[in-house]
Amino acid sequence: MNTSPVDFQANLAPEEAKLGESARVAGAMRGFAREIGALSALRLDACVHCGMCADACHFYIVTEDPQYTPVLKVEPFKQVFKREAGAFAPVFRWFGLKAKITGAELARWQHLLYDSCNLCGRCSLMCPMGIDIAELIEQARRGMFEAGLAPKELYEKAAHQRRTGQPEPSDEPYRDKLLAIGRRFNVEIPLDKPRAEVLLTVPRTDIEHYPAAVAALVRVMAHLKADCTFRSDGLVAENYGYYAGGRDWQREISRRLIDQAVACQAKVLIVPECGHAYSALRWEAAELMGKSLPFKVLHITEYLAEALEAGRLRLRTAQVGATAFHDPCQLVRKGGITAAPRQLLRAMGIEPRETVRHIGYNICCGGGGGVFDIERAATLRHRVVEEKFHEIDQTGAQTFLTTCSDCRRTFDDGKKRFNWELTPGSLLELVAEHLQGG
Amino acid sequence: MDLVDFARGPALKAAFIIFILGIVWRIVNVLLLRHKRILSEPRRSVPVALLAGLKGTGSRSWPHPEFIKRTVTGEALGYSYHIGLFIVILLFAPHIIFFGSFIGARWPALPNSVVTIFAVITITLFVAVLARRLGHPVLRHLSNFDDFFSWFVVALLLVTGLMATAHVGAPYHTILGLHILSFDLLLIWYPFGKLMHAFYIFPTRAVDGYVMTRKGAPS
Ligand code: SF4
Ligand code: SF4
């Protein structure tokens, strides 16, 4: 049995690199086994190798490289399923028809499962068999994580977030940064109230890069006279456990927020402008916790659209010219939020110019699913964002908005790289600037 | 017992048993696995999601306009050869007698000459499908033994069938025996490979439609 550390051409954190081959394979088997169920088996079994999912994936569209075919990305998961749990698993084992997975083989898939997938679900919409390939990729990441093969950046951020509540060290704790944002933008940050109807969370991307969006959230909630609070012990919306594929870590990171919501008896937990945070909390947290959540999880645009409908929120017309809006994949394709952002735009007199591929079918910014954080994925990600820029340019828009700070960051980074003319903006910030009587 | 008797006697019986048991086992194996509990609060009610799942079994048959430009060749080929196969298998008079004898039913046939034309077209499409699989970078990259063997099994059935109707290649009786044997082979291979998709296609589409609609997401 080989137990020595393996020098993979993979992007690993030191802690992951220490793992020996047998521990790595055992981890992968454990991780994949936990993900095998009736639904994943049906999906893994049903593929007819028609290759059409490639035509939906922006990583394939921009490279024409067949390795980026979505269903190929789950090959190790499929291999383990066929060999260990498929209908003819013993036959595959006895006759050596499916080889036992090796660490080196798994390591080769790191690039496909992480660097080149936003977990966006566009491929799932395309598959004629109705296979949710994106969900399979997410499950395959969980096997990779257990094998110690999550990319260094995601692993380390997930580990740090699990330990401390924030994904990376900062010069001062996020709580203090939040209060500093309040002072800078002259808004009163509701913090650590023992009881509140609404628990607010904040993307660390906003704290670090878009403080105006944090102030906008606070301003809008104050305008609505919402009984809300941030809680120091559960501030960060993102979930790096979700990106890295660490099922248990994802649960623990979600639990931090859930505990705070329960502690302050919140009826609503608001996920701010962050797509993947929404997926993790809205659609996965209850399943990982094994019980329904005792509060609602709403994306900020949903919350504001409800307020609009109830007549609690009124907005002034925004003079921003032709405007295009980017639907974050996790909100629209995987989250079902299509109408809310458009309701808000229309309430400000903006009729969004839809991209050619639109409402659920648009391509991604390229940075989601943790891809933005992975250094070595930058070149590939830039090709996707360039394609996205073409899509937006075709609308002739002068203003460009989205409602996910990670998409925004990816666009900003792409803007620098390609000298793109438009400046990605936040829908929430625009709303905060156009509060009637605000 | 000659070749035809063997092919449609014990060989067919054995193949049919493997076919049925294999399919049942494959489906049971999936059903026996753990069922994930969905606990997140739904956006759409269960009946709406169920209805969408049902709708999805049909609506997925036609790709969304967003995708069709990129997938039109694959779709067109896929549709045409499936239609060709249905016509040749189900509307050819001798096949109607053969299958009809099992279920005690008859249905109208197309004239033999028409079916022969369809058979030629379908075989041509099959060659195109193989050429595409070998030539298209994505398909080449994806393909495995199952893809080629499943292709071979169906193609063999088509070719031997055409040879039998056209009386070429060998004495009619021998070709007929080979044709029925290739049908036996298809039954035996069916549960082991991708031909099973005929049983999976509707459940996967329905499940996807249900799960996504429950979230209010497109499916
Ligand atoms: S989820 Fe999105 S990025 Fe990932 S393979 Fe599918 S289409 Fe590509
Ligand atoms: S589109 Fe669906 S059936 Fe076709 S190769 Fe991709 S996953 Fe398989």
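Residues numbered from 1 in each chain as written. Chains lettered and ligands numbered in written order. Predicted model: local features only at pLDDT ≥ 70, side-chain atom pairs only at ≥ 80, totals over all residues. Heavy atoms only, no water.

Student: Explain the overall build of chain B to me, using residue names and the numbers behind them.
Tutor: Within chain B, the regular secondary structure consists of 10 helices and 0 strands. Sequence-ordered secondary structure for chain B, helices as α and strands as β, is α-α-α-α-α-α-α-α-α-α. Burial status across chain B gives 42% buried among its 219 residues. Look at the contacts in chain B between residues 6 or more apart in sequence, and 68% of them connect residues 24 or more apart. Looking at chain B as shown, the accessible area adds up to about 11700 Å², and 75% of this sits on carbon and sulfur atoms. Positive and negative charge centroids in chain B, built from 20 and 9 side chains respectively, lie 10 Å apart. (Helix = DSSP H or I, 4+ residues; strand = E, 2+ residues; numbered from the N terminus. Buried < 20%, exposed > 50% of the residue type's maximum accessible area, 1.4 Å probe, protein only. Contact = heavy atoms within 4.5 Å. Areas by Shrake-Rupley, 256 points an atom, 1.4 Å probe, with all protein chains shown as cover. Lys, Arg positive; Asp, Glu negative; His and termini not counted. Charge placed at Lys NZ, Arg CZ, Asp CG, Glu CD.)

Student: Outline the site of ligand 1, supporting the account with residue identities and numerical values.
Tutor: Residue and element names in this part refer to chain A. Near ligand 1 you find 14 residues, and of these Cys 57, Cys 117, Asn 118, Cys 120 and Cys 123 are the closest. Among the elements of the structure, helix 4 (58-63), helix 9 (122-126) and helix 10 (133-146) are those that each provide at least two residues to the shell around ligand 1. Tallied by class, residues from the shell around ligand 1 come to 9 nonpolar, 3 polar and 2 charged. (Near = heavy atom within 4 Å. Nonpolar A, V, L, I, M, F, W, Y, C, P; charged D, E, K, R; others polar.)

Student: For the packing of helix 3 (residues 46-59) of chain B against helix 10 (residues 197-215) of chain B, give the residues involved together with the corresponding values.
Tutor: Residue and element names in this part refer to chain B. The geometry of helix 3 relative to helix 10 is characterised by a closest axis approach of 7 Å and an angle of 140° between their N-to-C directions. Between helix 3 and helix 10, the interaxial angle falls into the category oblique. Crossing of helix 3 against helix 10: the hand is right-handed. On helix 10, the residues that touch Val 46, Val 48, Ala 49, Leu 50, Ala 52, Gly 53, Gly 56, Thr 57 and Gly 58 of helix 3 are Phe 202, Arg 205, Ala 206, Gly 209, Tyr 210, Thr 213 and Arg 214. Class assignment of the residues belonging to the contact of helix 3 with helix 10 gives a composition of 8 nonpolar, 6 polar and 2 charged. (Axes fitted to C-alpha atoms, helices over the stretch in contact; angles between N-to-C directions. Parallel < 35°, antiparallel > 145°, perpendicular 65-115°, else oblique. Left-handed = near helix turned anticlockwise from the far one by under 90°.)

Student: So, a nonpolar patch on the surface: which residues are in play, and what are the values?
Tutor: Residue and element names in this part refer to chain B. Nonpolar side chains collect at one region of the surface, where Phe 16, Ile 20, Val 24, Trp 25, Val 28 and Leu 32 lie side by side and expose about 550 Å² of accessible area between them. Its place among the elements puts Trp 25 in helix 2 (residues 10-32). According to the relative accessible area criterion, Trp 25 is partly exposed, its value standing at 37%. (Patch = residues over 30% accessible without salt bridge, like charges linked within 9 Å, V, L, I, M, F, W, Y side chains within 5 Å. Salt bridge = Lys/Arg side-chain N within 4 Å of Asp/Glu carboxyl O.)

Student: For the interface of chain B and chain A, give the residues involved together with the corresponding values.
Tutor: Taken together, the contact between chain B and chain A spans 52 residues of the former and 64 residues of the latter. Surface buried jointly by chain B and chain A totals about 5000 Å² across both partners, of which 59% is contributed by carbon and sulfur atoms. Put simply, chain B and chain A have 6 salt bridges between them. Notably, a salt bridge pairs Lys296(A) with Glu41(B), separated by 3.1 Å at the nearest N-O pair. Within the residue set of the side of chain B that touches chain A, elements represented by two or more residues are helix 2, helix 4 (65-90), helix 7 (137-142) and helix 10 of chain B. (Buried area = accessible area lost by both parts, 1.4 Å probe.)

Student: Account for helix 8 (residues 145-166) of chain B, naming residues and giving values.
Tutor: All names here are of chain B. Helix length check: helix 8 (22 residues) gives 31 Å between terminal C-alpha atoms against 32 Å at 1.5 Å per residue, within 8%. If you check which residues of helix 8 are buried, you get Asp 146, Asp 147, Ser 150, Val 153, Val 154, Ala 155, Leu 157, Leu 158, Thr 160, Gly 161 and Ala 164. Check the buried side of helix 8 and you find it contacts helix 4, helix 6 (112-135), helix 7 and helix 9 (172-189). Phi turns positive one or two residues past the end of helix 8, at His 167, with a value near 55°. (Expected span 1.5 Å × (residues − 1).)

Student: Report on the domain arrangement of chain A, specifying residues and quantitative values.
Tutor: One frequently used descriptor of interface size is the decrease in accessible area upon assembly of the parts. Residue and element names in this part refer to chain A. Along its sequence, chain A is carved into domain 1 (5-150), domain 2 (155-309) and domain 3 (323-433). On a C-alpha basis, the centroid separation for the pair domain 1 and domain 3 is 28 Å. With 23 residues of domain 1 at the contact, the number on the domain 3 side is 22 residues. Of the roughly 1900 Å² buried where domain 1 meets domain 3, counting both sides, 58% is carbon and sulfur surface. Across the contact surface, domain 1 and domain 3 share 2 salt bridges. Residue Lys 334 pairs with Glu 138 through a salt bridge whose shortest N-O separation is 3.7 Å. Taken together, domain 1 and domain 3 are joined by 10 residue pairs in polar contact (both at pLDDT 80 or more). Among the secondary structure elements, those contributing two or more residues to the side of domain 1 that touches domain 3 are helix 4, helix 8 (110-115), helix 9 and helix 10. (Domains from an automatic or database assignment. Polar contact = N/O pair within 3.5 Å; in protein donor to acceptor, adjacent residues only side chain to side chain.)

Student: I'd like a rundown of the pairing of strand 3 (residues 268-271) of chain A, residues and numbers included.
Tutor: All names here are of chain A. Neither face of strand 3 is exposed, since Val 268 and Ile 270 on one face and Leu 269 and Val 271 on the opposite face are all buried. In terms of strand pairing, strand 1 (residues 198-200) meets strand 3 through 3 bridges, oriented parallel. Of the residues in strand 3, the one forming a bridge with Leu 200 is Ile 270. Pairing of strand 3 with strand 4 (residues 296-299) involves 4 bridges; the strand directions are parallel. Bridge assignment links Ile 270 to a residue of strand 4, and that residue is Leu 298. In terms of handedness, the path from strand 3 via helix 17 (residues 275-289) over to strand 4 forms a crossover that is right-handed. (Pairing = 2+ DSSP bridges. Right-handed = clockwise from strand over helix to strand, strands pointing away.)

Student: Describe helix 20 (residues 339-347) of chain A, and please don't skip the residues or the numbers.
Tutor: Residues and elements named next belong to chain A. The complete set of buried residues in helix 20 reads Ala 340, Pro 341, Arg 342, Leu 344 and Leu 345. Structurally, helix 20 contributes buried residues whose contacts are with helix 18 (300-309), strand 5 (323-326), strand 6 (399-402) and helix 23 (427-433). In the segment just after helix 20, Gly 349 is the residue with positive phi, at about 75°.

Student: Which residues make up the sheet that holds strand 2 (residues 228-229) of chain A, and what values do they have?
Tutor: All names here are of chain A. Taken in spatial order, the 4 strands make up an open sheet running 2-1-3-4, and their pairing is parallel. Edge positions in the sheet fall to strand 2 and strand 4, since each has one partner strand and no second. Each of strand 3 and strand 4 is contacted by helix 17, which is oriented at about 160° to strand 4, the strand it contacts most.

Student: Tell me what's going on with the sheet that holds strand 6 of chain A, and back it up with residues and numbers.
Tutor: Residues and elements named next belong to chain A. Read from one edge of the open sheet, 3 strands run 5-6-7, paired in parallel fashion. Looking at strand neighbours, the two that pair on one side only are strand 5 and strand 7 (424-426), the edges of this open sheet. If you compare each strand with its neighbour and ignore which way they point, the axes differ by 40° on average.

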